[in-house]
Structure formats: C-alpha cells, structure tokens
Amino acid sequence: MSKISIDSLRLLSRLSELGEIGRGGDGRLVRLAASDTEKLGRDTFVSWIEQAGLELAVDRIGNIFGIWRPEGVSDEAPLMLGSHIDTVIDAGIYDGCYGVLSGLEVIETLIEAGFKPSRPIVVAAFTNEEGVRYAPDMMGSLVYAGGLDVDTALATVGTDGTRLGDELRRIGFDGEHEPGFLRPYAYIELHIEQGPVLEREGIQIGAVENLQGISWQRVTVSGDANHAGTTPISMRRDAGYAAALVVTFLRERARNSNTPTVATVGCMNFEPNAINVIPSRVTFTVDLRDPDEDRLKEEEAALDAYLAQVAKDEGVSFNVERLARFQPVTFDANIVELIEGAAARRGHTVRRMTSGAGHDAQMIARIAPSAMIFVPSLGGISHNPREKTPDEDLVAGANMLLDVVCQLAGGDN
Ligand code: GLV
Ligand code: MN
Ligand code: MN
C-alpha cells in the first residue's frame, strides 16, 4: 500500500492552467481536436512531459505519450494511464484533462519518491476523444487499439470541411510512431463522473465496471421548399416538421421505456433557413446509448421504422449515415477489485458503476485489461462550463490512481 501522495498543488494548478488554454474573448473554452487552440494545449502538455524528464512520443494519429522507462525494466509491457485534452464547444476544464494530468502527476510523484516499478509507466493524451469536429469519437484510442485504420482516420473530413491528417500536420502533431507501438500491460483512466450518481449517493469514488454502447447517426430529411404564406398545410413536404416529429419520438420513447436508454438530438441544420420558406432539407444527429447491446439494436430498429412511417405520412425522404457505433464494454474485473480495495484503504466510500459517457478506456480495453476510476461531478453537470469537481475529490481520485499504479506496476513501494 502506498504511503506517498501526489503533489495536489501541482495537479490543481496545471488543471487550471490548461483550462485557460483555448478560452476565447467570449469566455468560452473550445479546444476541438487538431485545432489551433488544441495545439496550444498539446504544446503545454508536451512541455510538462519534458519537464518531468519523460520520453516524448507522438504517433501517426497524433496521440501523445510521456514514457517513464526506468533502467532494467524498459522492455516490459508498460502500464498506461491517460485520457484526452480535446474538448467540446464551451467546455468545462475537467473532462479528459483531469485523467491526463493526474497520470502525469502520478508518474512524477513516483519518480520523486524513488519508486522502482516493475515496468515502464506511460501517460497518454489520445486524439479527438470528443468527436465534435471529426467522427467517430474516441478516434485516437480506437486507431491505437487497431479498431480503425490510421489512414482512413486521417482522411476523415470534419464538420468544418478540413481533413484530420492535414490539420495534424499543420499543428505539428503528425507523429512518426505507428499507433499501437506500445502494447499496454494494463490501462487505467481516471475521469470525472459527468453524471449525478456519486454526488447523489454521497460516495467519493466510482469503480467503473462497464460502459454503455453508443450509436451516432446523421439523418438528412428532404422535402420541398415552398412559400410559407401560400402553401396549404395539407400540400407541404416540410422537412423541418418531419425532423421535429423524430426529435419528439426519440424523447418520448426513451422516457416511456423504463430502461436506461438515452437519446439526444444535438445538432440540427435547416435549409434554406429562412423565416418565410418551408424547409426543404434538414440535417440532424442522433446519439443513442444503452448499456445493453440488444436493447440498443432495438432502439436503432425502432428509429428506422419511425423514419419509414414519417416518410410515408409527410411525403419526405430520409437518408441515414452512421457516424459511430460502439458496443457496450465490460472492464477488467481484477482491476475493478483493485480500485475498490485501494479506495477502502484510503478510507473512501466506493461503489461500482456504469459509465454513461464514452471514454478512451473502452477502446484500449480491446488490447489490454482496462478500468476506470470516477470522482463526483457537482450537479452531474458536464460538457458545460459549469462542470465542477471539488478539489479534495480531484486529489482523492489522483491518489487512488497512484495506489492502483503502485499495485499494478508491482514495484517495491
Ligand atoms: C464523450 O464525451 C461522449 O460523447 O460520451
Ligand atoms: Mn472525457
Ligand atoms: Mn467529453
């Protein structure tokens, strides 16, 4: 059991510093993957990796690694810690950054404490976890785990028409290493919960045992533009109305289902987008999630059937494009137990839980035993500037990560 603790001031001040990088004049924090602002965040993270004396590596999809390769164990499979530093639009400062900076903090603490690990320890910041600019989300870790070909991923065209590969080159993060070049012995991701469960139950630590399935689709509705004043309601092929029906259907179905299914329409664009013109075309996204794969399939099928019904009733047509599809993931039972034990030894309350959000851990779980540690999110708020975790919970989570690393890296502590 570890008697050492992380340097909480260093961790918290880095979190605040990174949280100001990419904040515009309007006060909004935006570090979309491979953007100019994300480059500034990456540069700062790299400077901290170098300051800690770690070996820096960047792979072809732009994942950044800080590697501590102590003499005598450099050939062993590394223990990997990580998350992401890209953000959503108008983000909070904790999502992803907390896990990355805690990983770095744990390694620095161990180096300073003279810890002798049995294997290298690596901190990773994976590219484009959020998937806001380029779909799918968790892209860097997905490529790293071999779930998506790197050249296909680099050719992805973003919401702004850019190509990910061009943008990574432009910001200087088109690395040389092949994704997957370090096969982890195990992977641990520390993250804020981003939901209300821990706070509501007054529990300090979540030992995450599974993560729900995610289905992302982009739906395009085609109707006819026509005059808003002269076209009788019965003669309209209104793409906007059809889209509204689908939004309502998803919400009502999820609400009435008595299951954990969640459904979100987060983007919608109207054409021609004029007050006095019936919309001819609407594009919107659908984010469906459920911890049960069969139920997620059922939800997708129900949506398909409803689109066919609306097409018939409203005289519109639908085109559906899949943006991401990930099955639910079960994390490594032994690591989940280690997390529970470590929490008990630090005197923290702990519960097992399911992650509602997507995380890089769900991709790395394809190639290495993986699990996650959660700390509470006040009000369950995330993907929002009001995202907040109290400092003492952040420090407790990072110390938990430290203890689990000590156990998994098997050193003489
Ligand atoms: C990642 O933040 C997700 O959409 O769950
Ligand atoms: Mn995240
Ligand atoms: Mn996120």
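Residues numbered from 1 in each chain as written. Chains lettered and ligands numbered in written order. Predicted model: local features only at pLDDT ≥ 70, side-chain atom pairs only at ≥ 80, totals over all residues. Heavy atoms only, no water.

Caption draft 1: Representation of the domain arrangement of the protein. In terms of domains, the protein is made up of domain 1 (8-210 + 328-409) and domain 2 (213-326). For domain 1 and domain 2, the distance between their C-alpha centroids amounts to 33 Å. Listed as interface residues are 15 residues of domain 1 and, on the opposing side, eleven residues of domain 2. Roughly 860 Å² of surface becomes buried between domain 1 and domain 2 when both sides are summed, with 67% attributable to carbon and sulfur atoms. Per-residue buried area on domain 1 facing domain 2 is highest for Ala 135, Asp 137 and Pro 328; these three make up 50% of the total on that side. If you look at where domain 1 meets domain 2, you find zero salt bridges. Run the count over domain 1 and domain 2 and you get one residue pair in polar contact (both at pLDDT 80 or more). (Domains from an automatic or database assignment. Contact = heavy atoms within 4.5 Å. Buried area = accessible area lost by both parts, 1.4 Å probe. Salt bridge = Lys/Arg side-chain N within 4 Å of Asp/Glu carboxyl O. Polar contact = N/O pair within 3.5 Å; in protein donor to acceptor, adjacent residues only side chain to side chain.)

Caption draft 2: Broad picture of the site of ligand 1. Every residue close to ligand 1 is listed here: Glu 129, Glu 130, Asp 137, Arg 289, Ala 357, Gly 358 and His 383. Residue Glu 130 places a side-chain N or O atom 2.9 Å away from an oxygen atom belonging to ligand 1. Arg 289 has a polar side-chain atom sitting 2.7 Å from an oxygen atom of ligand 1. Burial of ligand 1 by the protein chains amounts to 94% of its free accessible area of 200 Å². Per-class residue counts for the shell around ligand 1 are one nonpolar, two polar and four charged. (Near = heavy atom within 4 Å. Areas by Shrake-Rupley, 256 points an atom, 1.4 Å probe, with all protein chains shown as cover. Nonpolar A, V, L, I, M, F, W, Y, C, P; charged D, E, K, R; others polar.)

Caption draft 3: Focus on empty space enclosed by the protein. Scanning the entire structure with this criterion turns up one cavity of 30 Å³ or more. Looking at the largest cavity, its volume works out to about 30 Å³. Lining the largest cavity, in full, are Asp 86, Thr 87, Val 88, Ala 91, Gly 92, Asp 95, Glu 130 and His 383. In the lining of the largest cavity, the residues fall into two nonpolar, three polar and three charged. (1 Å grid on protein atoms, 1.4 Å probe; cavity = no way out; pocket = protein on both sides within 12 Å on 5 of 7 lines; lining within 4 Å. Points joined across faces, edges and corners; volume = space filled by probe spheres on them.)

Caption draft 4: Layout of the pattern of salt bridges. Under the defined criterion, the tally for this structure stands at 32 salt bridges. With a shortest N-O distance of 2.9 Å, Glu 252 and Arg 255 are connected by a salt bridge. Here Glu 252 and its partner Arg 255 are both found in helix H8 (residues 239-256), three residues apart, which amounts to about one turn of the helix. One salt bridge in this structure joins Glu 300 and Arg 325, with 2.8 Å as the shortest N-O distance. In this pair, Glu 300 sits in helix H9 (residues 293-314) while Arg 325 sits in strand E11 (residues 317-326), placing the two residues 25 residues apart along the sequence. Among the charged side chains, a network of salt bridges with common partners joins Arg 10, Arg 14, Glu 105, Glu 108 and Glu 112. (Helix = DSSP H or I, 4+ residues; strand = E, 2+ residues; numbered from the N terminus.)

Caption draft 5: Quick peek at the coordination of the manganese ion (ligand 2). At 2.0 to 2.3 Å from the manganese ion (ligand 2) lie its protein donor atoms, namely His 84 (NE2), Asp 95 (OD) and His 191 (NE2). If you list the donors of the manganese ion (ligand 2) from N- to C-terminus, the spacing comes out as H-x10-D-x95-H. (Donors = N, O, S within 2.8 Å, 3.2 Å for Na, K, Ca; no water.)

Caption draft 6: Representation of the coordination of the manganese ion (ligand 3). Protein coordination at the manganese ion (ligand 3): the donors are Asp 95 (OD), Glu 130 (OE), Glu 130 (OE) and His 383 (NE2), at 2.1 to 2.5 Å from the metal. When the donors of the manganese ion (ligand 3) are listed by position in the chain, the intervening gaps give D-x34-E-x252-H. The distance between the manganese ion (ligand 3) and the manganese ion (ligand 2) comes to 3.7 Å, with Asp 95 serving as a donor to both metals. With Asp 95 in the loop between strand E3 (79-83) and helix H3 (97-112) and Glu 130 in the loop between strand E4 (121-125) and helix H4 (139-144), the pair connects residues that are 35 residues apart, well separated along the chain.

Caption draft 7: A look at the environment of Arg 325. Take Arg 325: its relative accessible area is 23%, and that puts it in the partly exposed class. Filtering out sequence-adjacent residues up to four positions away, Arg 325 remains in contact with Ile 214, Ser 215, Glu 293, Leu 296, Lys 297 and Glu 300. Within polar-contact distance, the side chain of Arg 325 engages the side chain of Glu 293 at 3.0 Å. Within polar-contact distance, the side chain of Arg 325 engages the side chain of Glu 300 at 2.8 Å. (Buried < 20%, exposed > 50% of the residue type's maximum accessible area, 1.4 Å probe, protein only.)

Caption draft 8: Fine view of the pairing of strand E6 (residues 205-211). Taking burial as the measure, the seven residues of E6 include six buried ones, the bulk of the element. In this sheet, strand E13 (residues 350-355) lies alongside E6 in parallel orientation, the contact comprising six bridges. Looking at E13, one finds that Asn 210 is bridged to Thr 354. Both E6 and strand E14 (residues 370-375) contribute to a ladder of three bridges, which runs antiparallel. Its bridge partner being in E14, Val 208 is matched across the sheet by Met 372. Across two bridges, E6 lies against strand E12 (residues 329-330) in antiparallel orientation. Among the inter-strand pairings, Leu 211 is bridged to a residue of E12, identified as Val 329. (Pairing = 2+ DSSP bridges.)

Caption draft 9: Local environment of H3. Relative to the 22 Å expected for 16 residues at 1.5 Å per residue, H3 spans 22 Å between its end C-alpha atoms, a close match to the ideal helical length. Burial analysis of H3 places 14 of its 16 residues in the buried class, which makes it a mostly covered element. At the C-terminal side of H3, Gly 114 shows a positive phi close to 70°. (Expected span 1.5 Å × (residues − 1).)

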